[in-house]
Amino acid sequence: MKVVIANKSHIKYAEIICETIAESAAVRGTGIARRTPEYIATKMENGNAVIALDGDKFAGFCYIEKWGHGKFVANSGLIVHPDYRGVGLAKKIKHKVFEHSRNKFPDAKVFSITTGLAVMKMNSDLGYKPVPFSELTDDPTFWDGCQTCKNYDVLTRTNRKMCLCTGMLYDPKAKGVHKIIKEKVFKRLKHIKETMFLNKEKNKE
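Residues numbered from 1 in each chain as written. Predicted model: local features only at pLDDT ≥ 70, side-chain atom pairs only at ≥ 80, totals over all residues. Heavy atoms only, no water.

Q: Even after reading the chapter, I still don't get the nonpolar core, so can you show me in this structure?
A: One recurring pattern in soluble globular proteins is that nonpolar side chains are buried together. Ranked by internal contacts, the top residues of the largest apolar core, which has 20 residues, are Val-73, Leu-89, Ile-93, Phe-98, Val-110 and Tyr-128. Going through the elements one at a time, strand 2 (49–54), strand 3 (57–67), strand 4 (72–80), helix 3 (89–104), helix 4 (117–126) and strand 7 (166–170) are the ones with two or more residues in this core. Contacts of Val-73, omitting those with residues within four sequence positions, involve Ile-64, Glu-65, Lys-66, Ser-101, Phe-105, Ala-108, Lys-109, Val-110 and Phe-111. Core analysis: the second largest hydrophobic core is formed by 16 residues, Val-131, Phe-133, Leu-136 and Cys-163 among them. (Core = buried A, V, L, I, M, F, W, Y, C linked by side-chain atoms within 4.5 Å. Buried < 20%, exposed > 50% of the residue type's maximum accessible area, 1.4 Å probe, protein only. Helix = DSSP H or I, 4+ residues; strand = E, 2+ residues; numbered from the N terminus. Contact = heavy atoms within 4.5 Å.)

Okay, here's the thing in structure tokens:
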């Protein structure tokens with residue numbers, strides 16, 4: 001198994017990457033912004049992606065997006081093929097793409113929005129902290145990318161201030177000792193958001 005920075009030679013995996021992301025979203029019932037094979041291919045060509053391979057077989061993927069004229073970068077589309085889940089591969093990919101982001105964009109703030117508890121925990125271990133959406137990029141193109149997510153109506157109802165996703169931010173200029181947040185805190189935060197927004201939907205029915 002190897003986790004490497006993707007390049008043009010990996011474009012052949014773009015189709016299966018998109019399929020795996022879509023299938024994962026359907027199984028978990030969570031909102032994941034869909035991407036096209038062409039979009040994924042562009043990330044590979046620009047050296048803004050990380051791919052995990054088991055020989056010639058696709059195992060996992062994540063890519064980098066740049067926002068706000070380089071003030072922010074996001075590590076997005078983290079996915080592991082079903083055949084390789086449960087062995088710690090997601091963590092390896094997350095660490096690799098974070099390291100690559102820091103090397104390529106050393107002054108940029110690195111952010112993430114996710115509903116996944118496992119991703120929240122990995123982000124926390126890397127030094128991210130939960131923040132309101134107002135501390136993330138205000139680039140409308142980023143938020144427009146959420147339109148394919150099933151929870152997009154929540155984002156629009158709150159004027160992009162809140163959603164079921166949790167915003168997390170790594171600020172390279174932040175000072176002080178980093179405190180790793182416990183998983184139970186993320187679970188409580190996720191439960192509060194689901195109660196707030198999903199109960200409103202039920203009351204409308």
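Q: Is there a simple way to think about helix 2 (residues 37–45) in this case?
A: Every α-helical turn comprises 3.6 residues, leaving residues that sit three or four positions apart pointing alike. When helix 2 is considered as a whole, its buried residues turn out to be Ile-40, Ala-41, Lys-43 and Met-44. Angularly, the buried residues of helix 2 cover 160° about the axis, an arc narrow enough to put them on a single face. Of the residues one or two after helix 2, Gly-47 is the one with positive phi, at around 70°. (Arc of directions from axis to C-beta.)

Q: It is not clear to me how the sheet that holds strand 3 should be interpreted in this structure. Could you clarify?
A: The strands making up a sheet associate through hydrogen bonds between their backbones, and the pairing can be parallel or antiparallel. The sheet built from seven strands is open, its strands ordered 1-2-3-4-5-7-6 with mixed pairing. Where the open sheet ends on each side, the last strands, each with one partner, are strand 1 (2–5) and strand 6 (129–130). Strand direction decides the pairing type here: strand 2 and strand 3, joined by six bridges, are antiparallel. Its bridge partner being in strand 3, Ala-49 is matched across the sheet by Tyr-63. In the packing of helix 3 onto the sheet, contacts are made with strand 1, strand 2, strand 3, strand 4, strand 5 (109–114) and strand 7, and the angle to strand 4 comes to roughly 160°. (Pairing = 2+ DSSP bridges. Axes fitted to C-alpha atoms, helices over the stretch in contact; angles between N-to-C directions.)

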